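Residue-level listing of the chains:
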Amino acid sequence: MLTVEKIQAAKIKLAPYIYQTPVVRLHGLDDLLNCNVSIKAENMQKTNSFKLRGALNKLLSMPLEQLQHGVVAASSGNHGKGVAFAAKLLNIPATIVLPETAPSIKVEGIRALGANVVQCKLAERHLITEALSLEHGYAIIHPYDDYDIMAGQGTVALEILEQLPQVNALVVPIGGGGLISGVATAIKALAPHVKIIGAEPAVVSRYSESIKSGERLLLKEQKSLADALLPLQPGERNFPIVQKLVDDIVRVDEASIENGMKTLLEAGKILAEPSSAIGIGAALQGNLPITKNDHVCFLISGGNVGLNQLHNL
């Protein structure tokens with residue numbers, strides 16, 4: 001079970017190892033997005049993503065005997081980089097299973113931290129992770145369907161409440177659901193008036209579809225600019241939390257995801273990967289349930305983007 005107390009404990013545990021990333025007020029985006037715009041800049045985190053929070057909290061919560069053979073994780077890139085960083089810190093081996101389509105900047109970032117990389121088809125990541133765990137005795141570090149992971153991710157919300165007390169809406173990228181589960185649990189316990197809005201790619205709208213049907217649906221594999229938000233099914237532990245605590249989930253089309261990244265870079269001077277700018281894209285698309293007077297914090301979840309990706313936009 002996930003509680004705000006677990007998230008608060010994770011914040012204390014992580015404090016010596018991570019950055020408290022800034023909340024930045026972007027006045028230049030107010031008229032474009034039709035609200036008072038701030039961002040939580042997790043693209044400036046160590047490993048350039050919020051994923052370090054969950055990965056490190058998970059590894060620091062595990063007994064050493066469970067870690068002694070090493071760890072393995074399925075990832076689109078950012079979780080893998082977080083696990084690789086945490087494993088290096090604890091001096092244990094790590095293997096990261098990535099899709100063949102993972103951006104090279106993420107693959108090389110993981111290798112630079114000393115982890116072994118295995119690449120495969122997107123839909124096969126978790127099967128290969130389980131096989132490697134059975135073969136070598138590696139502990140599996142799931143990217144989102146784990147309460148310790150969610151608690152680590154939720155620490156970002158505790159920082160936002162301290163840094164931006166006037167916030168009344170939070171826009172969070174949503175893939176498997178680890179980040180939004182942790183954020184919603186913390187926010188609704190401490191500041192229930194703050195609206196939590198998830199933003200997911202329209203081509204893989206697993207949460208919108210699953211909530212509408214009342215059960216976790218498994219969608220078909222699709223391509224998206226938002227390469228970090230491509231899990232095909234909501235997490236088993238994440239889904240009921242999102243069902244209960246998240247106020248709204250919006251679908252964002254591919255053109256708006258690209259527009260969000262470009263706008264954040266050109267008008268906000270913030271470099272973020274497309275998955276992280278999806279909330280900005282949602283606002284530009286015009287379907288965020290916010291008003292001009294709202295103080296909205298857009299969670300910029302990562303910045304692992306290379307020049308080749310920028311040239312392709």
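Small disclaimer: the values here were computed from a predicted structure and weren't measured.

Draft legend 1. Quick look at the overall build of the protein. Scanning the protein for helices and strands turns up 14 helices and ten strands. The C-alpha radius of gyration of the protein comes to 18 Å, within 12% of the 20 Å expected for a compact globule of 313 residues. In terms of its C-alpha atoms, the protein occupies a principal-axis envelope of roughly 55 × 40 × 40 Å. Taking contacts inside the protein between residues at least 6 apart in sequence as the whole, the part at least 24 apart equals 74%. Roughly 12,400 Å² of accessible area belongs to the protein as shown, and the carbon and sulfur atoms make up 52% of that amount. Side-chain charges in the protein split into 28 positive and 29 negative, and the spacing between the mean points of these groups amounts to 2 Å.

Draft legend 2. The arrangement of the packing of aromatic side chains in detail. Evaluated as defined, the whole model comprises one aromatic pair. On the numbers, 6.3 Å between centres and 40 degrees between planes, the contact of Y207 with F239 is tilted. In this pair, Y207 is assigned in helix 10 (residues 206-213) and F239 in helix 11 (residues 238-245), connecting sequence segments 32 residues apart. In this pair, the class of Y207 matches that of F239, namely buried. For K46, the ring lying beneath its charged end belongs to Y19, and the centroid distance is 5.3 Å.

Draft legend 3. Region of the structure containing the sheet that holds strand 8 (residues 195-201). Overall, mixed pairing links the six strands, which are arranged 1-2-10-7-8-9 in an open sheet. The sheet terminates laterally at strand 1 (23-25) and strand 9 (248-252), the two strands that pair on one side only. Taken over all neighbouring pairs, the strand axes of this sheet differ in orientation by 25 degrees on average, direction set aside. Along the sheet face, helix 12 (residues 254-266) touches strand 2 (36-41), strand 8, strand 9 and strand 10 (295-300) and points at about 95 degrees away from the line of strand 9.

Draft legend 4. Local environment of helix 9 (residues 178-190). Along its 13 residues, helix 9 runs 19 Å from first to last C-alpha, staying within 8% of the 18 Å computed at 1.5 Å per residue. Extensive coverage of helix 9 is indicated by the burial of eleven of its 13 residues. Buried residues belonging to helix 9 abut helix 1 (4-14), helix 8 (147-163), strand 7 (169-173), strand 8, helix 11 and strand 10.

Draft legend 5. Structural detail: the sheet that holds strand 5 (residues 116-120). Strand order across the open sheet formed by four strands is 5-4-3-6, with parallel pairing between neighbours. Edge positions in the open sheet fall to strand 5 and strand 6 (139-140), since each of these has one partner strand only. Contacts from helix 6 (residues 104-112) reach strand 4 (94-99) and strand 5 within the one sheet, and its direction differs from that of strand 5 by about 150 degrees.

Draft legend 6. Examining the side chain of T185 more closely. Mapped onto the fold, T185 is located in helix 9. Note on T185: relative accessible area 9%, which makes it buried.

About the cut-offs
- Residues numbered from 1 in each chain as written.
- Predicted model: local features only at pLDDT ≥ 70, side-chain atom pairs only at ≥ 80, totals over all residues.
- Heavy atoms only, no water.
- Helix = DSSP H or I, 4+ residues; strand = E, 2+ residues; numbered from the N terminus.
- Rg over C-alpha atoms; globule rule 2.2 N^0.38 Å.
- Contact = heavy atoms within 4.5 Å.
- Areas by Shrake-Rupley, 256 points an atom, 1.4 Å probe, with all protein chains shown as cover.
- Lys, Arg positive; Asp, Glu negative; His and termini not counted.
- Charge placed at Lys NZ, Arg CZ, Asp CG, Glu CD.
- Phe/Tyr/Trp six-rings, centres within 6.5 Å; stacked < 30°, edge-to-face > 60°.
- Buried < 20%, exposed > 50% of the residue type's maximum accessible area, 1.4 Å probe, protein only.
- Lys NZ or Arg CZ within 6 Å of the ring centre and 35° of its normal.
- Pairing = 2+ DSSP bridges.
- Axes fitted to C-alpha atoms, helices over the stretch in contact; angles between N-to-C directions.
- Expected span 1.5 Å × (residues − 1).

In short, the description is geometric, and any link to function would need to be established separately.
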